[in-house]
Amino acid sequence: SNGIKVVLKPTDFKNDEILFYAHSPGGHSLVKDADFMAARTATSIISESGIANFTKIELDKMLSDKIVSVSPWLQELGEGFSGSVSPQDQEVMFQLIYQYFNAPRSDSTSFLAYKARMEGWIENRNARPENVFRDSIQVTTSQHHFRARPWSMQLLQEMNMESSYRIFKDRFANSGDFTFFFVGSFELDKIRPLVEKYLASLPSTGRNETWRDIEMDMPNGIVENTVKKGIDPKSMVRVIFNGDFEYIQENRHILKSLEGVMEIKLREIMREDMGGTYGVWIWSSESHYPEEKYEFNIMFGCSPENVDTLTQALFTQIDSLQSYGIDIDYISKVQEKQRQAREVDLQENKFWLDSISFYYYHGEPPLNILNYDKLIDELSVDVIQAAAKDYLNTDNYVKVVLYPEVME
């Protein structure tokens, strides 16, 4: 009656587990820059403060004999909840969700304790070379965007308890544009009265909104950066290819498969044959909103004197894949790995929760879940070679290298 959508999938994989996730469009993209840090830390501050008449300590004590977890979240493009519960405690989960909407708390003692903890964390974090390396990547790939500033003591001073509370209240004021997903060991006729009692009675303002594009874009062309931090004779290299992307299921699967092929090939060449690296990590991501884009990350660790040789080997392998393709064995290994992973996934509540909520969020039919075997079968040398040309554009990438401060 208040506009909330509820999507339910009962399963019999585990008799003691119900998982849930809720999402609403908006997020901290809608707050002004001056309030960004208050928005970014809002859910942490509210979670630390407790709900209704209970402090966090009192709430934890009260829930000590229950198996239940409810966590609010607020990200760039949306806000919502995630959590889990055992079937016998499901009403408690609904009560917690209800209270987060209606009676979040802000508690100055909890706020100051959280801030002190963050100060200690920042101090430790910024002493580690790999974190300075990561921060440099963040600043470079966002082109020094105001909202991509790395954690610092100065940034922490922009936190504000009153603003965080106000933003949290505003983001969760309208339940009507939320979609809730529940997967696990429940019976429809038993969960329905709880949905009607606790979710259907949440406040709805009828506000119609969506996220805002904050225009945090990757740079064009080739951008290279060097970071000097630490004294250990260790280097890290990260290369990030990026560009426009047609956001459809087939392309997402091909990008993921290219990742699998490159991982096998580069580990073989750079770690086993050349023996020059501690490890090679490859991951890709694609975004639908606010723009259809992809990123393809390749990262490896090595001694400082091997940086140039291994970087050259990496680009040689990319060129070889684009020009000549790759042995069918690599494709077969990726297909086999995907089939095995899918077999396990189909028996996992988390897989179903993630998949169903994903398809709703992106406006695609949930039955697309059933296309996966066909996508695996259609992988071929030609498909991967074409993907390498599309997604590993050697005229458009960011490269950041970490060196120790003192090199002999």
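Use the structure listed above.
Residues numbered from 1 in each chain as written. Predicted model: local features only at pLDDT ≥ 70, side-chain atom pairs only at ≥ 80, totals over all residues. Heavy atoms only, no water.

Draft legend 1. View of the pattern of salt bridges. Under the counting rule described, the total for this entry stands at 27 salt bridges. The partner of R105 in a salt bridge is D107, with the nearest N and O atoms 3.4 Å apart. Grouping residues by exposure puts R105 and D107 together as buried. Here E224 ties to K399 by a salt bridge, and the two come within 3.9 Å at their closest N and O atoms. Remark: K399 occurs in strand β10 (residues 397-403) and E224 occurs in strand β6 (residues 222-228); sequence separation between them is 175 residues. Residue K399 is classed as buried on the basis of its relative accessible area of 14%. (Salt bridge = Lys/Arg side-chain N within 4 Å of Asp/Glu carboxyl O. Buried < 20%, exposed > 50% of the residue type's maximum accessible area, 1.4 Å probe, protein only. Helix = DSSP H or I, 4+ residues; strand = E, 2+ residues; numbered from the N terminus.)

Draft legend 2. Region of the structure containing the packing of helix α11 (residues 307-324) against helix α15 (residues 381-391). As a packed pair, α11 and α15 sit with axes 8 Å apart at the nearest point and diverge in direction by 125°. With respect to their mutual orientation, α11 and α15 come out oblique. Seen from above, α11 lies across α15 with left-handed handedness. From α11, L321, Q322, S323 and Y324 reach across to α15, where they touch I384, Q385, A388 and K389. (Axes fitted to C-alpha atoms, helices over the stretch in contact; angles between N-to-C directions. Parallel < 35°, antiparallel > 145°, perpendicular 65-115°, else oblique. Left-handed = near helix turned anticlockwise from the far one by under 90°. Contact = heavy atoms within 4.5 Å.)

Draft legend 3. Representation of the nonpolar core within the structure. Counting 38 residues, the largest nonpolar core has F241, L258, M262, F296, I298 and L314 as the members making the most contacts within it. Broken down by secondary-structure element, the contributors of at least two residues to this core are β7 (235-244), α10 (249-273), β8 (277-287), β9 (293-302), α11, α12 (328-345), α15 and β10. A total of seven residues in this core trace back to one element, the largest contributor, which is α10. Contacts of F296, omitting those with residues within four sequence positions, involve V239, I240, F241, L255, L258, E259, M262, I282, W283, S284, Y391 and L392. Formed by 31 residues, the second largest nonpolar core is a distinct cluster that contains F81, F94, F172 and F178. (Core = buried A, V, L, I, M, F, W, Y, C linked by side-chain atoms within 4.5 Å.)

Draft legend 4. Geometry of unusual backbone geometry. That bond from Y289 to P290 is cis: its omega, -5°, falls within 30 degrees of zero. By the secondary structure assignment, P290 is in the loop between β8 and β9. Phi is positive for Q143, close to 55°, though the residue is something other than glycine. The residue Q143 is located in the loop between α6 (129-141) and α7 (153-156) in this model. Overall, Q143 belongs to the partly exposed group, its relative accessible area being 45%.

Draft legend 5. Representation of the sheet that holds strand β2 (residues 18-25) in the model. Pairing in this open sheet of five strands is mixed, and the strands run β1-β5-β2-β4-β3 from one edge to the other. Each edge of the open sheet carries a strand with a single partner, namely β1 (5-10) and β3 (68-74). Looking at each pair of strands side by side, their axes are set apart by 10° on average, direction ignored. Pairing geometry for β1 and strand β5 (residues 179-184), over six bridges, is parallel. Across the sheet, residue V6 finds its bridge partner in β5, namely F180. (Pairing = 2+ DSSP bridges.)

Draft legend 6. Broad picture of the packing of α10 against α12. α12 packs onto α10 with a crossing angle of 120° between their chain directions and a minimal axis gap of 9 Å. Our classification of the angle between α10 and α12 gives oblique. Between α10 and α12 the crossing geometry is right-handed. Seen from α10, the contacting residues are H253, S257, G260, V261, E263, I264, K265 and E268; seen from α12, they are Y330, I331, K333, V334, K337 and Q338.

Draft legend 7. Seen up close, the side chain of S29. Here S29 shows up in the loop between β2 and α1 (36-40). The residues contacting S29, other than those within four sequence positions of it, are E76, R147, W211, R212 and I214.

Draft legend 8. Spatial organisation of the environment of E48. Position of E48 relative to the elements: it lies in helix α2 (residues 42-49). Remark: the alpha-carbon pair of E48 and L96, spanning 48 residues in sequence, is separated by 14 Å. Beyond its immediate chain neighbours, meaning those up to four positions away, E48 contacts K56, S110, Y114 and R117. Polar side-chain contacts of E48 include one of 3.3 Å to the side chain of R117. (Polar contact = N/O pair within 3.5 Å; in protein donor to acceptor, adjacent residues only side chain to side chain.)

Draft legend 9. Region of the structure containing the sheet that holds β9. The strand order β6-β10-β7-β9-β8 describes an open sheet built from five strands, whose pairing is mixed. Each edge of the sheet is formed by a strand with only one pairing partner; in this case those strands are β6 and β8. Taking the axes of each pair of neighbouring strands and ignoring which way they run, one obtains an average angle of 10° across the sheet. Pairing between β8 and β9: 10 bridges, direction antiparallel. If you follow S287 over to β9, its bridge partner there is K293.

Draft legend 10. View of the environment of G184. Here G184 shows up in strand β5. Given a relative accessible area of 0%, G184 falls into the buried group. For the pair G184 and L8, spaced 176 residues apart in the sequence, the C-alpha separation amounts to 8.7 Å. Setting aside its immediate chain neighbours within four residues, G184 contacts K9, P10, T11, E17, I18 and N349.

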